Amino acid sequence: MQFAPRYPSLDSKLYHQQMPSPLKGAKAGHFNAALADELQWSEDEKAQWVEICSGQKTFAEFHPLAMVYAGHQFGQWAGQLGDGRGLLIAQILNRQGQTIDLHLKGAGSTPYSRMGDGRAVLRSVIREYLAGHALNALGVASSNSVGFTSSTQGVQREKLELGAMMLRTSDCHIRLGHFEWINQYQPELLTEFTQKCIEWHYPQCLSAEQQKFEDTVLAFATQVIQNTAVMIAKWQLVGFAHGVMNTDNLNITGSTLDFGPYGFMERFRPNWINNHSDYNGRYTYQNQPSIAHWNLWNWLNNLIPLAQAENKEQFKQDLVECLEHFEPTFLEHYTHGLCQKLGLPAFHKDSFDCAMAFLRILQSEQLDYTNSFLRLQNKEYEAIKDDCLDRFQFENFLTQYHSIREQQEIDVLDAEMKKANPVYILRNHMLQTAIEQAERDDFSEVDRLFKLLSQPFTKQTDLETAKDLAPLPSDVPEVMVSCSS
């Protein structure tokens, strides 16, 4: 590895250094060899992946640390939070020269654990390991993982479960909640911390055109807002529901972080609640854009103290204008992506209305989101119509759909559809089968899903099973997942 430590250069009030606490009887779960190559792991480091991914081996070049941050959880101020069971164990360079965090999840209690035990269970580790891998393969910016390990040590949740650890990678673990903590508890650190965030993650904002620090901050804020909007648009397009979009679960680079009760939508139900702790449906699929906007608005309030006193009122107005970039950025990427999924030209004046008509059919008929786009791509129009109670509604859509497409180069539109519509998504029943087998010390299903999800847009008859493609039966409710992990 090529180490590039930078977070430890910040004020020590922002973290607590400690060693991981390995689990008893650590053993191999699954290893992402391709990612290890991308991160320039040596052959010796690859051979020691179990020791690294279980906290038994650390590095002289980087002393592990737990970050402190704060956050709003379910819209309410939660006070001080932090890495309660994870440690940043290294920062290294990938093959492109980008600094990547290595974060060990399940590494034991820290000063920020509150009432938690600092552990993770095999069930949740597998869910996060496969979800990060799946989103990356789908082209959605996300954390990823080099590998995970199981153990013989029990961890108490609703029941006694197997403890596990996972080595997560991300381009950034600095959350919106870091700024909330600094403003609440150590406001004197805000300027230096913001400056470092810009230098590390948005150096383009340091151009000579920015004459004042306030201008640099505004450029930084705009970039964070736009990157977050793009990420949310991509979530919506693949039917991904994060489930717990607290301010401490969004980072400043717009890459997906912190997989808890997530789900890939099966039936198209925009108001589907996939987190059984989300009693009011705050974090449903349909609310994700507005919640991201709310989180960013809250974050921008924490940047106000960066203005000089005489500029504060103008700076507040400038921050409001930064936030105005969110909606058009989201709509641009969502509209283009949705039209691509349907094989419609994004520039046509009626394409978006036609796409919305298709989504209304999926919602009213409770059709499978992913499979319906595939059927449309494969021109299985009669099969879709046969699944509709209101056949007339679908026929009206199809008439408009054909009238738009017939004016274009169909082959080009069809090729775009194939790039946008995955054959495979990580359905909850697929995960559950892999978890149940892994709890019996059989990781073959984890490996099969890992390979299958590596190429989600390509048909893989040698790897797939009928259940991978099957929509949720009409008499089976969607799964609501526990936050416990």
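Residues numbered from 1 in each chain as written. Predicted model: local features only at pLDDT ≥ 70, side-chain atom pairs only at ≥ 80, totals over all residues. Heavy atoms only, no water.

Visitor: What is the right way to look at the nonpolar core in this model?
Guide: Nonpolar side chains in soluble globular proteins tend to end up buried together. In this structure, Tyr7, Trp41 and Phe397 are the most contacted members of the largest nonpolar core, which totals 149 residues. Of all the elements, helix α7 (residues 213-238) adds the most residues to this core, at 14 residues. Leave out the neighbours within four places in its chain, and Trp41 touches Met1, Phe31, Ala36, Lys46, Trp49, Ile52, Ile92, Leu102, Val146 and Leu167. (Core = buried A, V, L, I, M, F, W, Y, C linked by side-chain atoms within 4.5 Å. Buried < 20%, exposed > 50% of the residue type's maximum accessible area, 1.4 Å probe, protein only. Helix = DSSP H or I, 4+ residues; strand = E, 2+ residues; numbered from the N terminus. Contact = heavy atoms within 4.5 Å.)

Visitor: Which parts of the structure should I look at to understand helix α16 (residues 428-438)?
Guide: An α-helical turn contains 3.6 residues, so a residue and the one three or four places further along point in the same direction. Turning to α16, its buried residues are Asn428, Met430, Leu431, Ala434, Ile435, Gln437 and Ala438. Those residues of α16 that are buried lie in contact with α4 (122-137), α17 (444-454) and α18 (466-469).

Visitor: Whenever I open this one, the pattern of salt bridges confuses me. Can you help?
Guide: A side chain of one charge can pair with a side chain of the opposite charge when the charged atoms of the two come close. If you walk through the whole model with that rule in mind, you get 27 salt bridges. Between Asp258 and Arg168 there is a salt bridge; the shortest N-O distance is 3.0 Å. Of this pair, Asp258 sits in the loop between β12 (240-241) and β13 (263-264) while Arg168 sits in strand β11 (residues 160-170); the two residues are 90 residues apart in sequence, bridging distant segments of the chain. The burial state of Asp258 is the same as that of Arg168; both residues are buried. (Salt bridge = Lys/Arg side-chain N within 4 Å of Asp/Glu carboxyl O.)

Visitor: Honestly, the packing of helix α5 (residues 176-185) against helix α8 (residues 288-301) in this entry has me stumped. Any pointers?
Guide: The contact between α5 and α8 brings their axes to 9 Å, and the two run at 35°. The handedness of the crossing between α5 and α8 is left-handed. Each of Leu176, Phe179 and Glu180 in α5 lies in contact with α8, whose residues at this interface are Asn295, Leu296, Asn298 and Trp299. The class makeup of the residues in the contact of α5 with α8 is four nonpolar, two polar and one charged. (Axes fitted to C-alpha atoms, helices over the stretch in contact; angles between N-to-C directions. Left-handed = near helix turned anticlockwise from the far one by under 90°. Nonpolar A, V, L, I, M, F, W, Y, C, P; charged D, E, K, R; others polar.)

Visitor: In this structure, what is going on with the packing of helix α6 (residues 190-201) against α7? I would like to understand it.
Guide: Packed helices, taken two at a time, are described by the angle between their axes plus the distance between the axes. At their nearest, the axes of α6 and α7 sit 11 Å apart, and the two run at 55° to each other. Classified by the angle their axes make, α6 and α7 are oblique. Our pair here, α6 against α7, has a crossing hand that is left-handed. Residue-level contacts link Thr191, Thr194, Gln195, Cys197 and Ile198 of α6 to Phe213, Thr216, Val217 and Phe220 of α7. Residues belonging to the contact of α6 with α7 are distributed by class as follows: five nonpolar, four polar and no charged. (Parallel < 35°, antiparallel > 145°, perpendicular 65-115°, else oblique.)

Nothing here speaks to function; it is geometry throughout.
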